[in-house]
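Per-entry structural report
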Amino acid sequence: MSVRHDWYQSDAKVVVTVLLKNAKEKNYKVTIEPQHFNMTADGYELDLRLYAPINVERSSYKDYPSKVEITLAKQEGIRWESLETKTVTAAPALIAPPPIHKKNWDSLAKEVEKKEEEEAQSEEALQRLFKKIYSSSSPEVQKAMNKSFSESGGTVLSTNWNEVSKQQVEVKPPEGTEFKKWDEV
């Protein structure tokens, strides 16, 4: 006999529904044990080793015209991954479990803070270098730096006024990037 069954769960129970019409006429019988559930009827058997233990005293079943509904009360309010326990084959004893690496999150956070601080210091050093070049330069070099930086959208910084003064400075974005004006986005 081909009979379907399905199940769903809440925090407190698992409900198994066996779609069996006229179950009383087919002499159905349900057996509920702490880790095992069995239902038989004329020409049908459902035998399951349950995923987790259940409370037999609080479990029950009831038949309806088109189905039998079995309510299994969970002993623990854990989420079942499946209705049945997965059969695990014994692994050879020579295989060691993977090592457990405990992370020291405080030291990782300190490392990240240190890297961010180093990057900020290197950026500050670069800014100081540009300020030093700008302040110690001639007016022509300062004009070249201002013109090249503003016309290129911040992608070019030139100190050669003879070259920059002849034409508009081209935008040269870093390799792998594309330049777009803010009104084109």
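All chains use their own residue numbering, which begins from 1 and follows the written sequence. Since the coordinates come from a predicted model, pLDDT governs what is reported: local features require at least 70, and pairs of side-chain atoms require 80 or more to be given and counted, while whole-chain, interface and lining totals use all residues. Excluded from the side-chain calculation are hydrogens and water; included are all heavy atoms of the structure.

Going by what an unreviewed UniProt entry lists, the protein chain is known as SGS domain-containing protein and is assigned to Glossina pallidipes.

Points about the sheet that holds strand 4 (residues 36-41)
Taken together, 3 strands build an open sheet; the order of strands is 3-4-5 and the sheet is antiparallel. Looking along the sheet, the strands with just one partner apiece sit at the ends: strand 3 (29-33) and strand 5 (44-49). Here the strands of the sheet are splayed against their neighbours by 5 degrees on average, with no regard to which way each runs. Here, a strand pair is defined by DSSP locating no fewer than two bridges between the strands. Here a strand is any run of E in DSSP of at least two residues, a helix any run of H or I of at least four, and the numbering for each starts at the N terminus. Here 5 bridges tie strand 3 to strand 4, and the two strands are oriented antiparallel to one another. Each residue of the ladder has a partner; that of T31, found in strand 4, is N38. Axis lines are fitted through C-alpha atoms, for helices just across the contact stretch, and the angle between N-to-C directions can take any value from 0 to 180 degrees.

Structural notes on the nonpolar core
The nonpolar side chains of soluble globular proteins are, as a tendency, buried together. One finds V16, V18, F37, M39, L50, I70 and L72 to be the most contacted residues of the largest nonpolar core, which totals 23 residues. Taken together, the elements giving at least two residues each to this core come down to strand 2 (13-19), strand 3, strand 4, strand 5 and strand 7 (68-74). We call two residues in contact whenever any of their non-hydrogen atoms come within 4.5 Å of each other. In contact with V18, other than residues within four places in its own chain, are V3, R4, H5, M39, Y44, L46, S66, K67, V68 and I70. Take the buried residues of types Ala, Val, Leu, Ile, Met, Phe, Trp, Tyr and Cys, join any two whose side-chain atoms come within 4.5 Å, and each joined set is a nonpolar core. The classification of residues rests on relative accessible area computed with a 1.4 Å probe and restricted to protein chains. Under 20% of the type maximum is buried, over 50% is exposed, and intermediate values are partly exposed.

Describing the sheet that holds strand 1 (residues 4-9)
The strands that make up a sheet are held in pairs by hydrogen bonds between backbone atoms, and each pair lies either parallel or antiparallel. Within the open sheet, the 4 strands sit side by side as 1-2-7-6. Their pairing is antiparallel. Single-partner strands in this sheet number two, and they are strand 1 and strand 6 (54-63). The sheet shows a mean angle of 15 degrees between the axes of neighbouring strands, direction not considered. In this sheet, strand 7 lies alongside strand 2 in antiparallel orientation, the contact comprising 6 bridges. By the bridge assignment, V15 is partnered in strand 7 with T71.

A few points about the domain arrangement of the protein chain
We note that the domain assignment places domain 1 (5-74) and domain 2 (121-171) within the protein chain. The source of the domain bounds is an automatic or database domain assignment. Computed over C-alpha atoms only, the centres of domain 1 and domain 2 are separated by 80 Å.

A few points about a negative patch on the surface
A patch consists of residues whose relative accessible area exceeds 30% and which take part in no salt bridge; residues with like charges are grouped when within 9 Å of each other, and nonpolar side chains (Val, Leu, Ile, Met, Phe, Trp, Tyr) when within 5 Å. Surface accessibility follows the Shrake-Rupley procedure with a 1.4 Å probe radius. Residue values consider only the protein chains on display as shielding. Think of a salt bridge as a Lys or Arg side-chain nitrogen and an Asp or Glu carboxyl oxygen that are within 4 Å of each other. Here the positive residues are Lys and Arg and the negative ones are Asp and Glu; neither His nor the chain ends is included. Just so you know, the charge point we use is NZ for Lys, CZ for Arg, CG for Asp and CD for Glu. A grouping of E113, E116, E117, E118, E119, E123 and E124 is seen on the molecular surface, where their side chains present a negatively charged patch. Mapping E113 onto the fold places it in helix 1 (residues 105-135).

Some words on the pattern of salt bridges
The final tally for this structure, using the stated rule, is 3 salt bridges. Residues E69 and K67 are paired through a salt bridge, measuring 3.5 Å at the closest nitrogen-oxygen approach. Assessed through its relative accessible area of 19%, E69 is described here as buried. Note on K67: relative accessible area 24%, which makes it partly exposed. The residue E151 makes a salt bridge to K147 at a minimum N-O spacing of 2.9 Å. In this pair, E151 and K147 both sit in helix 2 (residues 139-151), 4 residues apart, roughly one turn of the helix.

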